[in-house]
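As a plain string of letters, each chain reads:
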Amino acid sequence: MARRSSGWTIVKGIAREIDRANRQAQKAAIARERAYERDVARSNRELEKLRNKLDRLEEKFNATLNAANEASSISVKEKKLSEARRLLEQLREIELYNPAVSLGNLREVEESIDDVQGEIDELIALEREKQSQEEDAVRRTEAAQRLRDDIAKILTYTLMVDDALNWKELRDKQQFLIPKPVKPQRPTLPAKPTLKKSPRQPEGSDKSYQPKIPIYAHLMPQKKRALKAEAREQFERDHLNWREQVDQVEHENQRKLGEWEREKDALLGAWSKKHEKALEDWNLKKKAHSDAQAQYNGGLDTLRHQYEQNEPAAIAEYCRLVLARSDYPFAFSKDFQIEYDAEAHVLAIDYHLPSIDVVPDLKEERFIKSRSEVKRTSITEKQRRDIYETLLYAMILRTIHELFEADTANAIEAIAMNGWATGLNKATGHEVTSCIATISVTKKVFLEINLANVNEKECFKSLKGIGGAKLSELVPVAPVISLNRNDGRFVEGYAVAQHIVEGDNLAMMNWEDFEHLIRELFEKEFSANGSEVRVTQASRDGGVDAVVFDPHPIRGGKIVIQAKRYTNTVGVSAVRDLYGTLQHEGAMKGILITTSSYGSDAYEFAKGKPLTLMNGENLIYLLERHGHKARIDLVEAKKLAQG
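Residues numbered from 1 in each chain as written. Predicted model: local features only at pLDDT ≥ 70, side-chain atom pairs only at ≥ 80, totals over all residues. Heavy atoms only, no water.

So, the environment of Val548
Part 1: Within the secondary structure layout, Val548 lies in strand 10 (residues 546-550).
Part 2: In this structure Val548 comes out as buried when scored by relative accessible area, which is 0%.
Part 3: Separated by 25 residues in the primary sequence, Val548 and Glu523 have C-alpha atoms spaced 8.0 Å apart. (Helix = DSSP H or I, 4+ residues; strand = E, 2+ residues; numbered from the N terminus. Buried < 20%, exposed > 50% of the residue type's maximum accessible area, 1.4 Å probe, protein only.)

What to know about the pattern of salt bridges
Part 1: Applying the stated criterion across every chain, the model contains 22 salt bridges.
Part 2: Between Arg140 and Glu365 there is a salt bridge, and its shortest N-O distance comes to 2.5 Å. Pair noted here: Arg140 is in helix 3 (residues 103-152) and Glu365 is in strand 3 (residues 362-368), with a separation of 225 residues, a long-range link.
Part 3: With relative accessibility at 12%, the residue Glu365 sits in the buried group.
Part 4: The shortest N-O distance in the salt bridge between Lys607 and Glu604 comes to 3.3 Å. Of the two residues examined, Lys607 and Glu604, each falls in the exposed class. (Salt bridge = Lys/Arg side-chain N within 4 Å of Asp/Glu carboxyl O.)

Overview of a nonpolar patch on the surface
Part 1: Taken together, Tyr157, Leu159, Met160 and Val161 make up a surface patch of nonpolar side chains, about 350 Å² in accessible area.
Part 2: Relative to the elements of secondary structure, Leu159 occurs in helix 4 (residues 154-159).
Part 3: Classification of Leu159 by relative accessible area gives partly exposed; the value is 33%. (Patch = residues over 30% accessible without salt bridge, like charges linked within 9 Å, V, L, I, M, F, W, Y side chains within 5 Å. Areas by Shrake-Rupley, 256 points an atom, 1.4 Å probe, with all protein chains shown as cover.)

What about the nonpolar core?
Part 1: In terms of nonpolar packing, the biggest core is built from 60 residues, with Tyr318, Leu347, Tyr351, Leu391, Met395, Ile400 and Ile415 touching the most fellow members.
Part 2: Every residue in contact with Tyr318, bar those within four places of it in the chain, is listed here: Ala164, Leu165, Trp167, Tyr307, Ala406 and Thr408.
Part 3: Counting 24 residues, the second largest nonpolar core, distinct from the first, contains Ala497, Ile518, Ile591 and Leu622. (Core = buried A, V, L, I, M, F, W, Y, C linked by side-chain atoms within 4.5 Å. Contact = heavy atoms within 4.5 Å.)

A word on the sheet that holds strand 2 (residues 346-352)
Part 1: Taken together, 5 strands build an open sheet; the order of strands is 1-2-5-6-7 and the sheet is mixed. At either margin of the open sheet sits one strand with a lone partner, and together these are strand 1 (335-341) and strand 7 (466-467).
Part 2: As judged from the 7 bridges shared by strand 2 and strand 5 (residues 414-424), these two strands associate in the parallel manner. Across the sheet, residue Ala348 finds its bridge partner in strand 5, namely Ala416.
Part 3: Each of strand 1 and strand 2 is contacted by helix 7 (residues 312-324), which is oriented at about 150 degrees to strand 1, the strand it contacts most. (Pairing = 2+ DSSP bridges. Axes fitted to C-alpha atoms, helices over the stretch in contact; angles between N-to-C directions.)

What about the packing of helix 6 (residues 221-308) against helix 7?
In a pair of packed helices, the angle between the axes and the distance between the axes together describe the arrangement.
Part 1: Axis separation between helix 6 and helix 7 bottoms out at 8 Å; the angle between their running directions is 115 degrees. Between helix 6 and helix 7 the crossing geometry is left-handed. Two secondary-structure elements touch here, helix 6 through Leu303, Gln306 and Tyr307 and helix 7 through Ala314, Ile315, Glu317, Tyr318 and Leu321.
Part 2: Among the residues making up the contact of helix 6 with helix 7, the classes are represented as 6 nonpolar, 1 polar and 1 charged. (Left-handed = near helix turned anticlockwise from the far one by under 90°. Nonpolar A, V, L, I, M, F, W, Y, C, P; charged D, E, K, R; others polar.)

Some details on the side chain of Glu389
Part 1: Relative to the assigned elements, Glu389 resides in helix 8 (residues 381-406).
Part 2: Residue Glu389 is classed as buried on the basis of its relative accessible area of 8%.
Part 3: Look past the residues within four positions of Glu389 in its chain and what remains in contact with it is Lys457, Ala469, Lys470, Leu471 and Ser472.

Some points on the packing of aromatic side chains
The geometry of an aromatic ring pair comes down to the distance between the two centres and the angle between the two planes.
Part 1: Scanning the entire structure with this criterion turns up 13 aromatic pairs.
Part 2: Ring geometry for Tyr328 and Phe330: centres 5.7 Å apart, planes at 40 degrees, overall tilted. Taken as a pair, Tyr328 and Phe330 share a single burial class, namely buried.
Part 3: Centroid distance Tyr598 to Tyr603: 5.7 Å. Interplanar angle 70 degrees. Geometry classified as edge-to-face.
Part 4: By relative accessible area, which is 39% here, Tyr603 ends up partly exposed.
Part 5: What links up through ring pairs into an aromatic cluster is the set Trp167, Tyr307 and Tyr318.
Part 6: When the ring centre of Trp271 is taken as reference, the NZ or CZ atom of Lys183 above it lies at 4.5 Å.
Part 7: Just above the ring of Tyr579 sits the side chain of Lys609; from NZ or CZ to the centre is 5.7 Å. (Phe/Tyr/Trp six-rings, centres within 6.5 Å; stacked < 30°, edge-to-face > 60°. Lys NZ or Arg CZ within 6 Å of the ring centre and 35° of its normal.)

Let's talk about the confidence of the model for the protein
Part 1: On average, the protein scores 79 in pLDDT, and the residues at 70 or more come to 79%.
Part 2: The least confident element of the protein is strand 8 (residues 490-491), whose mean pLDDT is 51; the most confident is helix 8, at 93.
Part 3: pLDDT under 50 marks residues 68-76. Its contacts with residues more than four places away, or in other chains, come to 9 contacts. (pLDDT = per-residue confidence, 0-100.)

Section: the packing of helix 11 (residues 511-526) against helix 14 (residues 616-625)
Part 1: For the pair helix 11 and helix 14, the least separation of the axes is 10 Å and the interaxial angle reads 60 degrees. Judged by the inter-axis angle, helix 11 sits oblique to helix 14. At the point where helix 11 passes helix 14, the crossing takes the left-handed sense. Between helix 11 and helix 14, the residues in contact are Phe514, Leu517, Ile518, Leu521, Phe522 and Glu525 and Leu619, Leu622, Leu623 and Arg625, respectively. (Parallel < 35°, antiparallel > 145°, perpendicular 65-115°, else oblique.)

Take a look at the structure:
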């Protein structure tokens, strides 16, 4: 019986082991199935990403193919596209037959796709660059042709506009654009301090000050009185102590309140003061703008009045403004001199005509994609010279027309004009400036001509104009009239620089000596170019202090100079004055030089204008450049002036 029981136990143990093994196998199968499902899901997600990536890549290829024009480029792209399509088919095959493909294989496919896409991006970038170069070539071709067309129309263009000055348009109407300072947000003030409370005042009626009199003390009046006196003394001591504590608390509270008030007042004061300072600066700038504007417009009104009164100087300045505002389709240095003979009512002009460089020689630029290069063709030299010659005749006729049409005061009865040009003298090989065309014509005769229908050269010849057989050859001719460059304002200069020693303070120099020093320095600067520098009469009126006549064909012309021996910052009003003087003088450039410095508003106004601002440091450098040493001490000069 015992043996049977033992065998049964063994059988049951084996059954349990088998059951446990089955359960473990079942769990392992479930885990494998779930892992498989996760791998399939992960693979499907990766496949979907890659498939979308390939779809986008194929769209990119198709767009590139549509934009391609050259067969070689198409074949390269088709080859890359075929490779991309093969990868797409490979992915689809993986999806159909082996959705549980390892992520490693998928990454290999993705890397292949990325390589192809990188090459495609390079091809697209190359196509875009070629397209850009092609468009640039077309733009340059069109711009050159458009400029030649505009040059052919410069005479007819002036017939469509009124050349008389519009005095209202000339006025400075620019508003003061700096916004008024807005009061900044009130600062966050410190919190009011928490004050201590005073201790409770002791009262004589308080229980603690009521003496405890034993029964037996009623039989002893002396003892009773002693107990009451002791209680009263305790009350008085406590009351005195209370008063001291109250005084301490009140003192501490007053101290805290005082500190809080001072801190609050300091914050509010700084806040208010900052705004007041900003408002004060704004008002000063606004006033400076208003004053400068009023000064400029006042000068314009004066010029208008003097012009309408036929004052000779005003007529010459009016004509300078007319020519300075004449709009041409090309940029060139407008260099001209004007004189008006009031007795004969004749206006004489020396006008420096532009060089042949203003006529573009480009006929066509074409970008050849197969070679990635630009092919450039030019008009013939004869065509360019013919256009240039027509331009010169047209500019002479146009200048005369502008001045006659703008003569609303009827002050001009005739114009004598000399056209000057700079070019290469083929005989000497040197660049020369000479008069190549000259003409004198009355207003009555000129206004009878219909400029809209004339041939420029034939019109010039019919008006007895004198020039070479071809103006483009720059053959010199004798001017019909010679202008006097001796302005009545000019005076003889005298040497100053040689008397300057190293310790001299330029800010303390006599103002007239300072102007002659500036003339002397600029004379040395420009002498290498054959320029002439003249100093004007000492007037201290803020006008022209010196004039440079620079014969250089490109950067040359008339340059006006103002010298300011200042100890304070030069404001925008002085720069505005210089700009107005530059326009009135018909100058090409203005130079303002000072011993001090310039404000930001001065530099802002000069931006984009033919103005040069030279400060004290520039002056010291210019002086040292020509072998002289000095210094500028504005503080010392101010003390002497106050002195």
